[in-house]
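Summary of the model geometry
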Amino acid sequence: MNFWQKWSSTIKRIALWKVGFGLGVLFLVIGFFGEQFTDIYRKAVMICLECIGIG
């Protein structure tokens, strides 16, 4: 009986991990096509340039 309980919890963790990973990818794709990517990329570039001392 203990064997099945162990595998049941392992399968649940794997399933939850896959759901979380899928949601993360989904939100990245939505942000990319929703033009959020350009704003974030522009801000990241400006921060990098300020740290280096060019901007």
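Throughout what follows, the structure given in this document is the object of discussion. Nothing here was measured: the structure is a model prediction, and the numbers come from that model. (Residues numbered from 1 in each chain as written. Predicted model: local features only at pLDDT ≥ 70, side-chain atom pairs only at ≥ 80, totals over all residues. Heavy atoms only, no water.)

1. Describing the overall build of the chain
- Helix and strand counts for the chain stand at two helices and zero strands.
- Taking all 55 residues of the chain together, 0% fall into the buried category.
- Of the roughly 5400 Å² of accessible surface on the chain, a fraction of 74% belongs to carbon and sulfur atoms. (Helix = DSSP H or I, 4+ residues; strand = E, 2+ residues; numbered from the N terminus. Buried < 20%, exposed > 50% of the residue type's maximum accessible area, 1.4 Å probe, protein only. Areas by Shrake-Rupley, 256 points an atom, 1.4 Å probe, with all protein chains shown as cover.)

2. Things to note about the pattern of salt bridges
- Going through the model one piece at a time under the given rule, you end up with one salt bridge.
- In this structure, Arg 42 engages Asp 39 in a salt bridge whose closest nitrogen and oxygen atoms are separated by 4.0 Å. Separated by three residues within a single helix, Arg 42 and Asp 39 lie in helix 2 (residues 36–52), roughly one turn from each other. (Salt bridge = Lys/Arg side-chain N within 4 Å of Asp/Glu carboxyl O.)

3. What to know about a nonpolar patch on the surface
- There is a patch of nonpolar side chains on the surface, built from Trp 17, Phe 21, Val 25, Val 29, Phe 32, Phe 33, Phe 37, Tyr 41 and Val 45 and spanning about 990 Å² of accessible area.
- Those elements that place two or more of their residues in the nonpolar patch are helix 1 (2–33) and helix 2.
- Looking at the nonpolar patch element by element, the count peaks at six residues for helix 1.
- Locating Val 45 in the fold gives a position in helix 2.
- With a relative accessible area of 32%, Val 45 lands in the partly exposed category. (Patch = residues over 30% accessible without salt bridge, like charges linked within 9 Å, V, L, I, M, F, W, Y side chains within 5 Å.)

4. Some remarks on the packing of aromatic side chains
- Throughout the structure, instances matching the rule amount to one aromatic pair.
- Ring geometry for Trp 17 against Phe 21: centres 5.6 Å apart, planes inclined by 10°, an arrangement best described as stacked. Linking Trp 17 with Phe 21, this pair stays in helix 1, spanning four residues, or about one helical turn. (Phe/Tyr/Trp six-rings, centres within 6.5 Å; stacked < 30°, edge-to-face > 60°.)

5. Here we look at the state of the cysteines
- What the rule picks out here adds up to zero disulfides.
- Residue Cys 48 stays outside any disulfide, its sulfur separated by 6.5 Å from that of Cys 51, the closest cysteine.
- In this structure Cys 48 comes out as partly exposed when scored by relative accessible area, which is 47%.
- Classification of Cys 51 by relative accessible area gives exposed; the value is 67%. (Disulfide = S-S within 2.5 Å.)

6. What about helix 2?
- Over its 17 residues, helix 2 runs 25 Å from end to end, which matches the ideal 24 Å to within 8%, given 1.5 Å per residue.
- One or two steps after helix 2, the chain reaches Gly 53, where phi turns positive at roughly 105°. (Expected span 1.5 Å × (residues − 1).)

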